[in-house]
Amino acid sequence: MVTHRSAVIPTDPQSPGTCLCGYPADFVIQTSWFSGRRSLDPVCGPHVSEVVDAIARKNAQRDGGA
């Protein structure tokens with residue numbers, strides 16, 4: 001089984017993006033999904049752990065976990 005972990009990388013100061021909450025993003029969460037799809041999600045500092053946890057839960061569900 002291949003583990004698909006998310007990488008949390010700092011944003012480019014020239015184009016930071018916007019978190020879903022509306023604040024400027026401090027980080028980009030890069031995820032390689034099981035289907036081969038990749039996502040780059042801009043996230044502000046306060047929401048990093050919440051988004052990483054949600055991605056981990058989604059992957060666990062897919063892998064047969066709770």
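Scroll up to find the structure this text is about.
As a starting point, this report considers the structure included with it. Bear in mind the structure is a predicted one, so any value in this text is a computation, not a measurement.

Let us now look at the overall build of the protein chain. A tally of regular secondary structure across the protein chain gives one helix and three strands. In the protein chain, the succession of α and β elements from N to C terminus is β-β-β-α. Dimensions of the protein chain along its principal axes, counting C-alpha atoms only, are 40 × 20 × 15 Å. Looking at the protein chain as a whole, 20% of its 66 residues qualify as buried. Only carbon and sulfur atoms are counted for the fraction: they give 56% of the accessible area of the protein chain, which is about 4700 Å².

Hydrogen bonds along the backbone pair up the strands of a sheet, which may run parallel or antiparallel. Spatial ordering of the open sheet is given by β1-β2-β3, a layout of three strands whose pairing is antiparallel. Each end of this open sheet is capped by a strand with a single partner; those strands are β1 (7–10) and β3 (38–43). Taking the axes of each pair of neighbouring strands and ignoring which way they run, one obtains an average angle of 25 degrees across the sheet. Note that β1 and strand β2 (residues 27–32) share four bridges and pair antiparallel. Directly across from isoleucine 9, in β2, lies its bridge partner valine 28. Seen against the sheet, helix α1 (residues 48–62) touches β1, β2 and β3 and runs at an angle of roughly 5 degrees to β2.

Here the focus is the pairing of β2. Looking at chain direction, β2 and β3 are connected through six bridges and run antiparallel. Across the sheet, residue glutamine 30 finds its bridge partner in β3, namely leucine 40. Once β2 ends, the chain turns through five residues before running back antiparallel as β3, passing glycine 36 with a positive phi of about 95 degrees.

This part covers the side chain of threonine 31. Turning to its location among the elements, threonine 31 is positioned in strand β2. The class of threonine 31 is buried, set by a relative accessible area of 0%. If sequence neighbours within four positions are ignored, threonine 31 has contacts with Ser6, Arg37, Arg38, Ser39 and Ile55.

Using the criterion set out here, one finds zero disulfides in the structure. Cysteine 19 carries a free sulfur, and the closest cysteine sulfur to it, the one in cysteine 44, is 3.7 Å from it. Classification of cysteine 19 by relative accessible area gives buried; the value is 7%. For the unlinked cysteine cysteine 21, the closest cysteine sulfur is that of cysteine 44, found at 3.7 Å.

Conventions and cut-offs
- Residues numbered from 1 in each chain as written.
- Predicted model: local features only at pLDDT ≥ 70, side-chain atom pairs only at ≥ 80, totals over all residues.
- Heavy atoms only, no water.
- Helix = DSSP H or I, 4+ residues; strand = E, 2+ residues; numbered from the N terminus.
- Buried < 20%, exposed > 50% of the residue type's maximum accessible area, 1.4 Å probe, protein only.
- Areas by Shrake-Rupley, 256 points an atom, 1.4 Å probe, with all protein chains shown as cover.
- Pairing = 2+ DSSP bridges.
- Axes fitted to C-alpha atoms, helices over the stretch in contact; angles between N-to-C directions.
- Contact = heavy atoms within 4.5 Å.
- Disulfide = S-S within 2.5 Å.

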